[in-house]
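# Chains, contacts and geometry: an overview
What follows is each chain in one-letter form.
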Amino acid sequence: FALLFDDHPNTPSVYPGGTTFMDQFSDDQYVTLWQQNLYYPFASGADWWLASWLLCSHLSMAAIDEFLSLQLVSKELCLCAEMLPSSPCWKSHTLCPQVPTKCKPTIYYHDPVKCLQSLFSHPLFAS
């Protein structure tokens, strides 16, 4: 069997380089701590789950701050949450419709390129 290649004239190019999440993870200044503790910068899985729940909950930042100010909750938990990698920022655009409206509609969105970079640098997509 002979292989036949039919190249399209507008085929995108792939350039070597760039860093994946795992590359950044391996170059992190805390890499030895990550290797010793799966949940670093959190002390345990329970701390991680609590922080994850708080960050994904529908609580306002004021309610989260009030919760974190309780003596029961360690201040270290708040500092650990701030060390987590961030996701792409939200952007907004206010529309100016041609017909009158009570208020101008606002569209909230993420930069699609930043979203794709974030998704493809995730460890699940490393291979």
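Cut-off values and rules
- Residues numbered from 1 in each chain as written.
- Predicted model: local features only at pLDDT ≥ 70, side-chain atom pairs only at ≥ 80, totals over all residues.
- Heavy atoms only, no water.
- Helix = DSSP H or I, 4+ residues; strand = E, 2+ residues; numbered from the N terminus.
- Contact = heavy atoms within 4.5 Å.
- Areas by Shrake-Rupley, 256 points an atom, 1.4 Å probe, with all protein chains shown as cover.
- Buried < 20%, exposed > 50% of the residue type's maximum accessible area, 1.4 Å probe, protein only.
- Patch = residues over 30% accessible without salt bridge, like charges linked within 9 Å, V, L, I, M, F, W, Y side chains within 5 Å.
- Salt bridge = Lys/Arg side-chain N within 4 Å of Asp/Glu carboxyl O.
- Phe/Tyr/Trp six-rings, centres within 6.5 Å; stacked < 30°, edge-to-face > 60°.
- Polar contact = N/O pair within 3.5 Å; in protein donor to acceptor, adjacent residues only side chain to side chain.

Here we take up the overall build of the chain. Helix and strand counts for the chain stand at 6 helices and 2 strands. Listing the helices and strands of the chain from first to last along the sequence gives α-α-α-α-α-β-β-α. Considering only intrachain contacts with a sequence separation of at least 6, the fraction spanning at least 24 residues in the chain is 35%. Accessible surface, the chain as shown: approximately 11400 Å² in total, 62% of it carbon and sulfur.

The next subject is unusual backbone geometry. With omega at 15°, the peptide bond leading from Tyr 40 into Pro 41 counts as cis. Following the sequence through the fold, Pro 41 ends up in the loop between helix H2 (31-36) and helix H3 (45-56).

A few words on the environment of Pro 41. Its relative accessible area of 10% is what places Pro 41 among the buried residues. The spacing of Pro 41 and Cys 80 is 39 residues in sequence and 5.3 Å in space, taken between C-alpha atoms. Contacts of Pro 41, omitting those with residues within four sequence positions, involve Trp 34, Cys 80, Met 83 and Leu 84.

It is worth spelling out a nonpolar patch on the surface at this point. A cluster of nonpolar residues, Leu 95, Ile 107 and Tyr 109, forms a patch on the protein surface that exposes about 230 Å² of accessible area. Relative to the elements of secondary structure, Tyr 109 occurs in strand E2 (residues 106-110). Of the residues examined, Tyr 109 reaches a relative accessible area of 35% and is grouped as partly exposed.

All chains considered together, the criterion is met by 2 aromatic pairs. Centroid distance Tyr 39 to Trp 48: 6.5 Å. Interplanar angle 45°. Geometry classified as tilted. For Tyr 39, a relative accessible area of 30% gives the class partly exposed. Put simply, the rings of Tyr 39, Trp 48 and Trp 49 touch in pairs and so form one group of aromatic residues.

Within the secondary structure, Ser 57 is located in the loop between H3 and helix H4 (61-68). A polar atom in the side chain of Ser 57 sits 2.9 Å from the backbone oxygen of Leu 54.

With that settled, the discussion passes to the side chain of Ser 57. The exposure class of Ser 57 is buried, given its relative accessible area of 18%. At 3.3 Å, the side chain of Ser 57 forms a polar contact with the backbone nitrogen of Leu 59.

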